[in-house]
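Take a look at the letters that make up each chain.
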Amino acid sequence: MTRSRCGTRRPVPGQAGRVLARRARPWHGTAMDQNSSKASRAGGAILAFSIIAGAIGGNHYGQPSLGTLIGTALGIAIATALYLNDRFRG
């Protein structure tokens, strides 16, 4: 490589087609593996839906903040129960 007048690098004439390095394997070539034979359940969607449902229910009664807190607590309880169930199931 040589430097141009503005300081950027440019290939040396006659070496434009050389490959500098090759990858051992592409990152998208392997499939994801599951460690256990039983798939686990995630509680993130349940937590999100319970927060939204709590806010909507709280808004109906004129207390959206309280509804959001109750929905969050209920969602955390359900997500924890799912986590513990998955943990002791397999």
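Up top is the structure these notes are about.
Now for a description of the structure that goes with this document. (Residues numbered from 1 in each chain as written. Predicted model: local features only at pLDDT ≥ 70, side-chain atom pairs only at ≥ 80, totals over all residues. Heavy atoms only, no water.)

It is worth spelling out the overall build of the protein chain at this point. Counting its regular elements, the protein chain contains two helices and two strands. Reading the secondary structure of the protein chain in the N-to-C direction produces β-β-α-α. Every one of the 90 residues in the protein chain was classed for burial, and the buried ones make up 12%. By sequence separation, contacts in the protein chain at least 24 residues apart represent 40% of the contacts at least 6 residues apart. For the protein chain, the accessible surface area stands at approximately 8100 Å², while carbon and sulfur atoms represent 60% of it. (Helix = DSSP H or I, 4+ residues; strand = E, 2+ residues; numbered from the N terminus. Buried < 20%, exposed > 50% of the residue type's maximum accessible area, 1.4 Å probe, protein only. Contact = heavy atoms within 4.5 Å. Areas by Shrake-Rupley, 256 points an atom, 1.4 Å probe, with all protein chains shown as cover.)

With that out of the way, let us pick up a nonpolar patch on the surface. Among the surface-exposed residues, Ile-46, Leu-74 and Ile-78 lie close enough to one another that they form a single nonpolar patch of about 230 Å² accessible area. Relative to the helices and strands, Ile-78 resides in helix α2 (residues 64-89). (Patch = residues over 30% accessible without salt bridge, like charges linked within 9 Å, V, L, I, M, F, W, Y side chains within 5 Å. Salt bridge = Lys/Arg side-chain N within 4 Å of Asp/Glu carboxyl O.)

Turning to the packing of helix α1 (residues 44-60) against α2, a few remarks are in order. With their axes 7 Å apart at the nearest point, α1 and α2 run at an angle of 155 degrees to one another. By the angle between their axes, α1 is roughly antiparallel relative to α2. When the axes of α1 and α2 are compared, the crossing they make is right-handed. Touching Ile-46, Leu-47, Ser-50, Ile-51, Gly-54, Ala-55, Gly-58 and Asn-59 of α1 are Pro-64, Gly-67, Thr-68, Gly-71, Thr-72, Gly-75, Ile-76, Ile-78 and Leu-82, all from α2. Looking at the contact of α1 with α2, its residues break down into eight nonpolar, nine polar and no charged. (Axes fitted to C-alpha atoms, helices over the stretch in contact; angles between N-to-C directions. Parallel < 35°, antiparallel > 145°, perpendicular 65-115°, else oblique. Left-handed = near helix turned anticlockwise from the far one by under 90°. Nonpolar A, V, L, I, M, F, W, Y, C, P; charged D, E, K, R; others polar.)

A word on α1. With 17 residues, α1 should reach 24 Å at 1.5 Å per residue; the first-to-last C-alpha distance of 25 Å fits that figure. Among the residues of α1, those classed as buried are Ser-50, Gly-54 and Gly-58. Looking down the long axis of α1, one finds its buried residues gathered within 60 degrees of arc, a one-sided arrangement. Residues of α1 that are exposed and point over 90 degrees away from its buried face: Phe-49, Ile-56, Asn-59 and His-60. Packed against the buried residues of α1 are α2. Positive phi shows up at Gly-62, right after α1, with a value of about 85 degrees. (Expected span 1.5 Å × (residues − 1). Arc of directions from axis to C-beta.)

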